[in-house]
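# Geometric and topological summary
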Amino acid sequence: IIIPNGVTSIGNQAFDYCTVLTNITIPNTITSIGDLSFGNCTSLTSITIPDSVTSIEDSAFGWCSGLTSVTIPNSVTSIGEYAFGDCANLTNITIPNSVTYVDAYAFAGCTSLTEIKVAVENPNYVSVNGVLYNKSRTVLICYPAGKKDKNYKILDSVTAINRYAFYGCTSLTSITIPNSVTNIGESAFRGCTSLTSITIPGSVASIGEEAFGYYYDEYDDSDKKIDNFKIYCYSGTAGEQYAKDNGFDYELITAEKPANVTGFKVKSLTSTNVTLQWNKNANASGYEIEQYKGGKWTQIAKINNSSTVSYNVSGLAADTTYT
């Protein structure tokens, strides 16, 4: 099919279930590819999106099981939910500089996807060993379902794991969640059928629905629990509550007080500022800095990860002693 010049958008479900469509030419007058516009086009093996397109909407190429390659131009700013969902033969994809929004569910079910690449100059996203993070590396957005690693350690800088971030990652047998993480989204580890246990740190304050221990059974068309799934967690935390709410076997971890901070010193100072520094304590979930003022200790900073080992205190008075 050749779409003529002058057409500016491809409507919702325009070619949905055109299962014999093998080739389509999209003119550079198109700016939007609508919801399910090429959904279930199972014979479509490749697609060239012109550099006039600014948005790829929800499920635009969902269930295109024959799609092996796609080029996203440096004009697209938004990639919607399930945009390439269940493209089972798609092996890699590159997110260009222009993209400002990628839905966490955009590549769900892409079981051959081993790497998500990001253009170096993209100001919003970064790829770390093929895993998609936001630029500041505080949010893990998507771990490719086709990646064959059995073990994965999430970056210490991460505070949130997006919904569906590890959806369908069947190769993973072990995940290390750092103490910096406070939020785990809905279905974050859903379909990780080789993952039979998880340790949830005490820092986690919220866990979304069916985040762990569930998978979708396509034969029964229902959600099911992974057999013998076990949760290791701390007493009185979101991890323990999740285990109880979902009826999973769990074991409480005895929290140990980490060793005292070492190497605490003044790194640099001016008449009004001081930069404090200390050695990393890998067993800590973070650090609290207190200043003695008004006859008592007052917290002036709380750092929720063990990797940050310096802090700048500003607004001080010259020729004054501080503790």
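It should be noted that the structure appears before, not after, this text.
### Details of empty space enclosed by the protein
Applying the stated criterion across every chain yields a total of one cavity of 30 Å³ or more. The volume enclosed by the largest cavity comes to roughly 60 Å³. Looking at the lining of the largest cavity residue by residue, the class counts come to eleven nonpolar, one polar and no charged.

### Here we look at the sheet that holds strand β11 (residues 131–134)
Taken in spatial order, the six strands of this open sheet run β10-β11-β12-β14-β16-β18, and their pairing is mixed. Edge positions in the open sheet fall to β10 (125–128) and β18 (206–207), since each of these has one partner strand only. Inspection of the sheet shows strand β16 (residues 183–184) paired to β18 by two bridges, in the parallel sense. Bridge pairing in β18 places I184 opposite I207.

### Details of the packing of aromatic side chains
The tally for this structure, following the rule as stated, stands at 21 aromatic pairs. On the numbers, 5.8 Å between centres and 80° between planes, the contact of F212 with Y242 is edge-to-face. In this pair, F212 sits in the loop between β18 and β19 (214–217) while Y242 sits in helix α1 (residues 238–246), placing the two residues 30 residues apart along the sequence. For Y242, a relative accessible area of 6% gives the class buried. An angle of 65° between the planes, with centres 5.1 Å apart, marks the rings of Y292 and W297 as edge-to-face.

Cut-offs used in this document
- Residues numbered from 1 in each chain as written.
- Predicted model: local features only at pLDDT ≥ 70, side-chain atom pairs only at ≥ 80, totals over all residues.
- Heavy atoms only, no water.
- 1 Å grid on protein atoms, 1.4 Å probe; cavity = no way out; pocket = protein on both sides within 12 Å on 5 of 7 lines; lining within 4 Å.
- Points joined across faces, edges and corners; volume = space filled by probe spheres on them.
- Nonpolar A, V, L, I, M, F, W, Y, C, P; charged D, E, K, R; others polar.
- Pairing = 2+ DSSP bridges.
- Helix = DSSP H or I, 4+ residues; strand = E, 2+ residues; numbered from the N terminus.
- Phe/Tyr/Trp six-rings, centres within 6.5 Å; stacked < 30°, edge-to-face > 60°.
- Buried < 20%, exposed > 50% of the residue type's maximum accessible area, 1.4 Å probe, protein only.

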